[in-house]
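# Structural overview for review
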Amino acid sequence: MKVGLFIPCYVDQFYPGAAIATLQLLEKLGVDVVYPANQTCCGQPMANSGFEHLTGGCNELFIKNFSDFDYIVAPSGSCVLHVREHLYDNKQPEKAQETAHKVWELTSFLTDVLKVESLPSKFPHRVGMHQSCHGQRGLHLSSMTELVAPDFSKPGSLLKMVEGIDLIELDRKDECCGFGGTFCVTEEAVSAKMGKDRVADHLHHDAEYITGVDMSCLMHMEGILRRQGSKVKVIHIAEILNSEL
Amino acid sequence: MEQATKDHAELAEIFNRDEERVDWHDETLWWIRQKRDKITHQLPEWESLRDMASQIKFNVLSNLSTYLQQFEKQALAHGIQVHWAADAKEHNEIVHRILTENQVKQMVKSKSMLTEECHLNEYLATHGIEVIDSDLGERIVQLAGEPPSHIVLPCIHKKKEEIGDLFHMYLGTPSNMADPQFLTETARGSLRETFLTRKVALTGVNFAIAETGEFVVCTNEGNADMGAHLADVHIASMGIEKLLPERKHLSVFLRLLTRSATGQPITTYSSHFSKPRPGQTMHLVLVDNGRSVQLGRKDFRNSLKCIRCGACMNTCPVYRRSGGHSYHTAVAGPIGSILAPNLDMKKYADLPFASTLCGSCSNVCPVKIDIHDQLYKWRQVLMKEGYGPAGKKLAMQAMAFTLSSPTLYHGAGKMGRLTLKYMPFAVNNKLNPWYKQRDMPEPPKQSFGEWYAENRKKK
């Protein structure tokens, strides 16, 4: 099994720790992982802003970088969802389709493909898990409070394998944090308010860390926590699953 | 008017200046969303009910002209006078004509979002006709001179103290009286007088049955019935998409409607009107107003399945924190944001962007409209058609250009990190909307790409 590591642009630039943890975790689990150096961005920022027609260059590059792998894995629900739903290339439509189907979000890759049942990780802290919308509702990483359906959580099941972790229950299990891509600046007032409320739910339950599968949501909440002078930290789920402390 | 010039982001920013009020608005609607969750989880067949409703509506939309003709034929046979209105203007003119023919200057109206969409009250006011809204929430916003901020809970943005002030001003209640029971009794007394003296009553239509030619009006207050039963003339306004093929299909929708809207098992009054009672005249106005255009837009056709329950608004984290008026259209929230651009792309180009695309709206929708996908698709249509700000287009072009080239991307990334590190003032300023209430991420020493090149050299 040959896995291509897809690291979203902002993770590459601002949160290399999350990417390193993803790589190390996959390696630890015996996966043959390669990071194609010429990757940039999945094109989601343009597409969600209404400019999907400008994402041709990103799509072409993505296909060029990743089409040869068996699986493509990324520590991000949002970017994975975008690629799965919107990767196209008029010059090679089948190849685009094929590539899109190979993309996996990290935690679901661990639970559904690798079928991980235990992890050698330890993280003795009180942790709040933020369900990012694209991962949850888009990729069905966990059950949704709106639906009448059985309860499950792929990232949650992995976190439960971590020794010493104390997972908190939130009042609003799956409310959006308000990041929303360019929404965070075009609708600054609502976005910031949503972020403050989301953070408050975690703080209210004494979280030491807020984790999740999407660094973008965490970046948003981190910005708010820091502005408030809070000591609570954000941490990507890969970093918890990879921690051996 | 203020709302005509400001977009959603600006109006939401104004709404957010009073954070305590935003919290109250958010919690009130969240409480209703939770009531909805609780009652839907009591029905193991909930998801299949949604499926069924969605399919019934799909059938209706696919055969709309057939069902409309069948419906009209049945309605006419029962003595209902049927009118067809291509747009809001025609609808208002038809209603006005009926009122003039009956020499009436006053009308009582029960809740109808369609008449809000058509701006009927304003139109009739300019022709010297007074309309009194009989739904309590609608009456309150009417006294306040405001449009409804929610399709099911029109005055959800108002606190009881503010309602007390309004009633003090217009209905003569004592000042500083905010007891809901007392205020409701006052409104009831005042409305009773209206019901007894109005010759013409207008109602909306929740469902119309093609098979029988009857229509169904759902209210919790019984106000539609009070108006329609006491008046000599009953006018019902309905959008052409409100049809159901057969009577048996109604059971599916009545089970879904209030559970989704307010968390009730069923509306207090679901009244069937099939023919005028002796001595009464019944008019039914069938309104298109953009619906057939939307029917022709493949990507947005499903939006016509909407039964106006408001569940998407209650669950929408953006709606809850920006208030209904920020959507500057009759139907606010996620569903309004996919309906409004169909009516006027330029005026409502901002609305599909008033969302984080979290997808909760699509999950609560009782007829399974793919709301968040349609929001995404509207964004593409609107930007392609040139309804976005010029600066945004340029920025996106520059971004797409940079991200299409690994060399440019790596250079820009490095520049960005260095700027943040050595010239934080370049980004930590008032011009950066992120920085207003959030800190910027701390720039790391190296990108992951740089780290990988150093640490995994074998490749």
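Because the structure is predicted, anything quoted here is derived from the model rather than measured.

## Some thoughts on the overall build of chain A
- Across its full length, chain A carries 13 helices and 8 strands.
- Taking 18 Å as the expected radius of gyration for a compact globule of 245 residues, we find that chain A reaches 17 Å, a close match to that expectation.
- If one aligns the C-alpha atoms of chain A with their principal axes, the spans along those axes are about 50 × 45 × 40 Å.
- For chain A, with 245 residues in total, the buried portion stands at 67%.
- Of the contacts formed within chain A by residues at least 6 apart in sequence, a portion of 77% connects residues at least 24 apart.
- Total accessible area on chain A is roughly 8600 Å²; 51% of this is exposed by carbon and sulfur atoms.

## Description of the sheet that holds strand β7 (residues 233-239) of chain B
Residue and element names in this part refer to chain B.
- Ordered in space as β1-β10-β7-β4-β2-β3, the 6 strands form an open sheet in which the pairing is parallel. Of all the strands in the sheet, just β1 (81-85) and β3 (130-133) have a single pairing partner and so form its edges. Taking the axes of each pair of neighbouring strands and ignoring which way they run, one obtains an average angle of 25 degrees across the sheet.
- Where strand β2 (residues 106-109) meets strand β4 (residues 200-203), 3 bridges bridge the pair, whose relative direction is parallel. Its bridge partner being in β4, Lys109 is matched across the sheet by Leu202.
- Helix α5 (residues 64-77) rests against β1, β7 and β10 (281-287) of the sheet, and its axis sits at about 145 degrees to β1.

## Notes on the nonpolar core
- In this structure, B:Phe207, B:Phe253, B:Tyr319, B:Tyr327, B:Ile335, B:Ile369 and B:Ile371 are the most contacted members of the largest nonpolar core, which totals 76 residues.
- Looking at this core, the element that brings in the most residues is helix α13 (residues 250-261) of chain B, giving 7 residues.
- Contacts of B:Phe207, omitting those with residues within four sequence positions, involve B:Glu214, B:Phe215, B:Val216, B:Cys218, B:Lys242, B:Leu244, B:Leu250, B:Phe253, B:Leu254, B:Leu257 and B:Ile307.
- Among the nonpolar cores identified, the runner-up in size contains 75 residues, and A:Leu5, A:Val73, A:Leu106 and A:Leu241 belong to it.

## Remarks on the interface of chain A and chain B
- In this assembly, 72 residues from chain A lie in contact with 77 residues from chain B.
- In this assembly, chain A packs against chain B so that about 6400 Å² is buried in total across both faces, 59% of it on carbon and sulfur atoms.
- Among the residues chain A hides against chain B, the three largest losses belong to A:Gln13, A:Val148 and A:Arg227. Together they make up 11% of the total.
- B:Arg320 is the salt-bridge partner of A:Glu175, the closest N and O atoms lying 2.8 Å from each other.
- Summed over the shared surface of chain A and chain B, the result is 40 residue pairs in polar contact (both at pLDDT 80 or more).
- Take the side of chain A that touches chain B: its biggest share by element is 9 residues, from helix α11 (residues 188-204) of chain A.
- Here the side of chain A that touches chain B is composed, by residue class, of 36 nonpolar, 21 polar and 15 charged.

## Focus: the pattern of salt bridges
All names here are of chain A.
- The full count for this structure, using the stated rule, is 46 salt bridges over all chains.
- For Asp112, the salt bridge is made with Lys154, and the minimal N-O distance between the two is 2.7 Å. In this pair, Asp112 is assigned in helix α7 (residues 106-113) and Lys154 in helix α9 (residues 154-159), connecting sequence segments 42 residues apart.
- Judged by relative accessible area, Asp112 falls into the partly exposed class, the value being 28%.
- For Lys154, a relative accessible area of 19% gives the class buried.

## Describing the confidence of the model for chain B
- Summarising the model, chain B shows a mean pLDDT of 95, and 98% of its residues fall at 70 or more.
- Confidence metrics for the complex model read pTM 0.96 and ipTM 0.97.

## Describing the sheet that holds strand β1 (residues 2-5) of chain A
Residue and element names in this part refer to chain A.
- If you trace the 4 strands from one edge of the open sheet to the other, you get β2-β1-β3-β4, paired in parallel fashion. The sheet is open, and its two edges are formed by β2 (32-34) and β4 (103-105), each paired on a single side. Across this sheet, the average inter-strand angle for adjacent strands is 35 degrees, counted without regard to direction.
- In terms of strand pairing, strand β3 (residues 71-74) meets β4 through 3 bridges, oriented parallel. Within β4, the position partnered with Val73 by the bridge is Trp104.

## Considerations on unusual backbone geometry
- Its identity as a non-glycine residue notwithstanding, A:His140 has a phi of 55 degrees, on the positive side.
- Within the secondary structure layout, A:His140 lies in the loop between α8 (133-138) and α9.
- For A:His140, a relative accessible area of 42% gives the class partly exposed.
- Phi is positive for B:Asn289, which is not a glycine, with a value near 40 degrees.

## Details of the domain arrangement of chain B
Residue and element names in this part refer to chain B.
- Structurally, chain B comprises domain 1 (1-42 + 299-388), domain 2 (57-289) and domain 3 (394-458).
- Spacing between the C-alpha centres of domain 1 and domain 2 amounts to 23 Å.
- Contacts between domain 1 and domain 2 engage 29 residues on the former and 33 residues on the latter.
- Ranking the residues of domain 1 by area buried against domain 2 places Ile307, Arg308 and His325 at the top, with a combined share of 21%.
- Joining domain 1 to domain 2, the criterion identifies 2 salt bridges.
- Residues Arg21 and Glu162 are paired through a salt bridge, measuring 2.8 Å at the closest nitrogen-oxygen approach.
- One can count 7 residue pairs in polar contact (both at pLDDT 80 or more) joining domain 1 with domain 2.

Rules of the game
- Residues numbered from 1 in each chain as written.
- Chains lettered and ligands numbered in written order.
- Predicted model: local features only at pLDDT ≥ 70, side-chain atom pairs only at ≥ 80, totals over all residues.
- Heavy atoms only, no water.
- Helix = DSSP H or I, 4+ residues; strand = E, 2+ residues; numbered from the N terminus.
- Rg over C-alpha atoms; globule rule 2.2 N^0.38 Å.
- Buried < 20%, exposed > 50% of the residue type's maximum accessible area, 1.4 Å probe, protein only.
- Contact = heavy atoms within 4.5 Å.
- Areas by Shrake-Rupley, 256 points an atom, 1.4 Å probe, with all protein chains shown as cover.
- Pairing = 2+ DSSP bridges.
- Axes fitted to C-alpha atoms, helices over the stretch in contact; angles between N-to-C directions.
- Core = buried A, V, L, I, M, F, W, Y, C linked by side-chain atoms within 4.5 Å.
- Buried area = accessible area lost by both parts, 1.4 Å probe.
- Salt bridge = Lys/Arg side-chain N within 4 Å of Asp/Glu carboxyl O.
- Polar contact = N/O pair within 3.5 Å; in protein donor to acceptor, adjacent residues only side chain to side chain.
- Nonpolar A, V, L, I, M, F, W, Y, C, P; charged D, E, K, R; others polar.
- pLDDT = per-residue confidence, 0-100.
- Domains from an automatic or database assignment.

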